[in-house]
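Residue-level structural notes
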Amino acid sequence: MPSTSPSTTAPTTATVLPDRAAPGPALTSPHAYDAGLLLLRLALGLTMAAHGSQKLFGWFGGGGLDGTGQFFTMSGYPAGDAMAVVAGLTETFGGLALAAGLLTPLAAAAILGTMVNALAVTWGGGFFAPKGSEYELLLTAGAAALALTGPGRYAVDRFLPVLRAHRLAYGAAAVVVGLVTAGVILLLRK
């Protein structure tokens, strides 16, 4: 028959200690996170910079300003040539800044806003390529994730006093700015 008296033996469940107080080697190196964020920033940022240079200069098989302007006009945006310049500059400089980790929340907001508009254009074609929106959705989510997490240690932002320590509030504000800007541009679309 089990005893109802208090036990004098130690509890069988282990106490979970915070990572800083845990004995033994750390399970995950903070440098692993920083290296992963660097890789994500480089892939996303350089991809967007290449897309921007397609629009601005016609590089990498792009349409240049004339072809991109016609596409924007055909997609229902007013002043297609002006929109091509704005999208090209936003993608090129936002992408390069994101790759370098320079003003990361704002660079991510620029890409987020551009990609929300790209999603609006491709949305009716299903999810999968060639006419779907999977690619645009992935780039949009990546930009939002980088805005929220910050650039990591291997970034120019580490040398800027205000952005040295990334705050979730900076990232959340950047996501809001990107979404609001995208919404304003979408309101102009026919």
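Please read all numbers here as calculations on a predicted model, not as lab measurements.

Scoring rules and cut-offs
Residues numbered from 1 in each chain as written. Predicted model: local features only at pLDDT ≥ 70, side-chain atom pairs only at ≥ 80, totals over all residues. Heavy atoms only, no water. Helix = DSSP H or I, 4+ residues; strand = E, 2+ residues; numbered from the N terminus. Buried < 20%, exposed > 50% of the residue type's maximum accessible area, 1.4 Å probe, protein only. Contact = heavy atoms within 4.5 Å. Areas by Shrake-Rupley, 256 points an atom, 1.4 Å probe, with all protein chains shown as cover. Expected span 1.5 Å × (residues − 1). 1 Å grid on protein atoms, 1.4 Å probe; cavity = no way out; pocket = protein on both sides within 12 Å on 5 of 7 lines; lining within 4 Å. Points joined across faces, edges and corners; volume = space filled by probe spheres on them. Nonpolar A, V, L, I, M, F, W, Y, C, P; charged D, E, K, R; others polar. Phe/Tyr/Trp six-rings, centres within 6.5 Å; stacked < 30°, edge-to-face > 60°.

Concerning the overall build of the chain
- The secondary structure content of the chain amounts to 6 helices and 0 strands.
- Along its sequence from the N terminus, the chain presents helices and strands in the succession α-α-α-α-α-α.
- Expressed as a percentage of the 190 residues in the chain, the buried residues total 35%.
- The contacts in the chain between residues at least 6 apart in sequence include a share of 65% that link residues at least 24 apart.
- Approximately 11,600 Å² of the chain is accessible, and the part contributed by carbon and sulfur atoms is 71%.

As for unusual backbone geometry
- One non-glycine residue, phenylalanine 60, lies in the positive phi region at around 55°.
- Assignment of secondary structure puts phenylalanine 60 in the loop between α1 (30-57) and α2 (64-74).
- A relative accessible area of 62% places phenylalanine 60 in the exposed class.
- Its identity as a non-glycine residue notwithstanding, alanine 79 has a phi of 50°, on the positive side.
- Residue classification places alanine 79 among the exposed positions, given a relative accessible area of 54%.

What about α1?
- End to end, α1 covers 40 Å across 28 residues, agreeing with the expected 40 Å (1.5 Å per residue, within 8%).
- Residues of α1 that are buried include every one of Asp34, Leu37, Arg41, Leu44, Gly45, Met48, Ala49, Gly52, Ser53, Lys55 and Leu56, and no others.
- On the buried face of α1, the contacting elements are α2, α3 (80-100), α4 (104-122) and α5 (134-149).
- In the stretch just after α1, glycine 58 is the one whose phi turns positive, near 75°.

A short note on the layout of surface pockets
- Each pocket or cavity is described by its volume, and for the largest pocket that value is around 800 Å³.
- Lining the largest pocket are 34 residues; nearest its centre among them are Lys55, Phe72, Glu91, Thr114 and Ala118.
- Listing elements by their share of the lining of the largest pocket, those giving two or more residues are α1, α2, α3, α4, α5 and α6 (168-188).
- Here the element with the most residues in the lining of the largest pocket is α4; it accounts for 10 residues.
- In the lining of the largest pocket, the residues fall into 18 nonpolar, 13 polar and 3 charged.

Description of the packing of aromatic side chains
- In the structure shown here, the tally under the stated rule is 5 aromatic pairs.
- Consider the rings of tryptophan 59 and phenylalanine 60, whose centres lie 6.5 Å apart with planes at 90°: the pair is edge-to-face.
- Residue classification places tryptophan 59 among the partly exposed residues on the basis of a relative accessible area of 48%.
- Centre to centre, the rings of phenylalanine 72 and tyrosine 77 are 5.3 Å apart; their planes meet at 75°, and the pair counts as edge-to-face.

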